[in-house]
Amino acid sequence: MTPTRLGANNLGNSLAVVNCSQLVTLSGPARPRVGPELRELSIINDGALLINGERISQVGTREEISRLIDTGHADCEIVDAGGRIALPGFVDAHTHPVFAGTRAAEFEERALGVTYQEIAARGGGIQSSVRSTRAATTDELVASGKRYADWFLRTGTTTVEAKSGYGLTLDDELKILGAIRRLDAETPLRYVPTFLGAHDIPPEYKANRQGYISLLIEEMLPRVAAEKLAEFCDVFCEQRVFSNEESRAILLSARDQGLGLRMHADQLSLYGGAKLAAQLRTATADHLEHTDGEGIAALASAGVQPVLLPGSVYALGSSRYPAARAMIDAGLAVVLATDFNPGSSPTPAMTMVLSLAATHLKMTPAEAIMAATINAAFTLNRGAEIGSLEVGKMADVVIHDCDDYRELAYFFGVEHPWQVFAAGESVYER
């Protein structure tokens, strides 16, 4: 596949990134990538690019870009990558980035053999974060959210899908979504909001499940939609959380309100979440650790993108990872995400996820990079704007201190980014 090359000879650029040993453009068809396409990174060796304002205006070799600068743009700011690699910013398509407190004590308990389900059954887990988040003010949530935004940026992520779900009352869910809106405005990180009021049944409704589902459908979703606080609605479809029938009712109501659909599916058991996602043609089905061949075939037939979260499997000490290779072989446009949250995956580092994808999902480094950039962007309806380094797209560019793109997954536990640009602005520099 030929990388996107020079556009029109317009030298109104303000910034040039040059001397990239590999400019990993990911240019290609304007749709999610599948099958062998997942390995076609469209690399320009000794590459460079020009940025005009927030957008990429030219992409090519260092020689081509240098010639343009020399012949008509002497005032262009030059960033010398020093022979490092450059990629688009990671697009993290599944995060829970607004919460109060931590669950470090539960992490210690799990190390001693207590299971996630046992902790949840006694009122820990999600409910622990709900109690802390309900007690926090919007300002406090924004303050902690800014700390996490810095973590995302310094590890090379420039866009996140951001779920609510730690409030589980109308006011507290609106508070979380309001905090996400403020973080989008007040940090360089780009947020795509998702309403996850169906994250769990709150304790005050344990004896009245239908009452909470009615609250979700009749009050929460209309308010969220009316105030345009979310683009998507998600549901945790699982035994002892929301049944298939309950999930269907909530998601259909969300669709009626104009929201896109996402699902937590088949994470803890083979419960039929993938098949429900296929029936509803949701944008994504996430987790899928227990999804079988029938579920994979259903997702492929419906064109639902799987979002795989190996960080949560790792952090929970489990050994059941989703069947990524079977999904790729079935023609699914696989996505990788961190599942950043305070309980089951407290990491913002997409490079750690790339490593887990290679070692436990048996994805190649190229497939993992594609899954964490352009494929993720398409799940958020932003494939035309972000996820690759192509003319006209947002200038989300990360220079990594590596010689080869495969090193991003190979050297794990390392913060690779040397400089991060979001919408053409330098937002992190080592």
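Going by the structure above, here's the rest.
Residues numbered from 1 in each chain as written. Predicted model: local features only at pLDDT ≥ 70, side-chain atom pairs only at ≥ 80, totals over all residues. Heavy atoms only, no water.

Trainee: Give me the pairing of strand S5 (residues 85-88): which residues, what numbers.
Mentor: Sheet topology places strand S1 (residues 15-24) next to S5; two bridges connect them, and they run parallel. Pairing of Gln22 across the sheet is with Ile85, part of S5. (Pairing = 2+ DSSP bridges. Helix = DSSP H or I, 4+ residues; strand = E, 2+ residues; numbered from the N terminus.)

Trainee: Explain the pattern of salt bridges to me, and be specific about the residues and the numbers.
Mentor: Counted according to the given criterion, the structure contains 27 salt bridges. As a salt-bridge pair, Glu106 and Arg103 come within 3.2 Å of each other at their nearest N and O atoms. The residues Glu106 and Arg103 share a single accessibility class, namely buried. The closest approach of N and O atoms between Arg134 and Glu204, which form a salt bridge, is 2.8 Å. Here Arg134 is found in helix H4 (residues 126-135), whereas its partner Glu204 is found in the loop between strand S8 (190-198) and helix H7 (209-226), with 70 residues between them in sequence. When its relative accessible area of 26% is taken as the criterion, Arg134 is described as partly exposed. Relative accessible area serves as the criterion here: at 44%, Glu204 is assigned to the partly exposed category. Overlapping salt bridges bring together Asp139, Lys146, Arg182 and Glu186 as one network. (Salt bridge = Lys/Arg side-chain N within 4 Å of Asp/Glu carboxyl O. Buried < 20%, exposed > 50% of the residue type's maximum accessible area, 1.4 Å probe, protein only.)

Trainee: Explain the nonpolar core residue by residue, including any values.
Mentor: If you look at the biggest cluster of nonpolar residues, it comprises 97 residues, and the most contacted ones within it are Phe195, Phe242, Ile250, Leu336, Leu354 and Met363. Sequence-distant contacts of Leu354, defined by excluding residues within four places in its chain, comprise Phe90, Leu336, Ala368, Ile369, Ala372, Leu408 and Ala409. In terms of nonpolar packing, the next biggest core, distinct from the first, is built from 18 residues, Val17, Val79, Ala395 and Trp418 among them. (Core = buried A, V, L, I, M, F, W, Y, C linked by side-chain atoms within 4.5 Å. Contact = heavy atoms within 4.5 Å.)

Trainee: Please provide a residue-by-residue account of the packing of helix H9 (residues 273-280) against helix H10 (residues 293-302), values included.
Mentor: Two numbers describe how H9 lies on H10: the axes approach to 8 Å, and their chain directions differ by 15°. Taken together, the axes of H9 and H10 lie roughly parallel to each other. Where H9 crosses over H10, the handedness of that crossing is left-handed. From H9, Ala274, Lys275, Ala277 and Ala278 reach across to H10, where they touch Glu294, Gly295, Ala298, Leu299 and Ala302. (Axes fitted to C-alpha atoms, helices over the stretch in contact; angles between N-to-C directions. Parallel < 35°, antiparallel > 145°, perpendicular 65-115°, else oblique. Left-handed = near helix turned anticlockwise from the far one by under 90°.)

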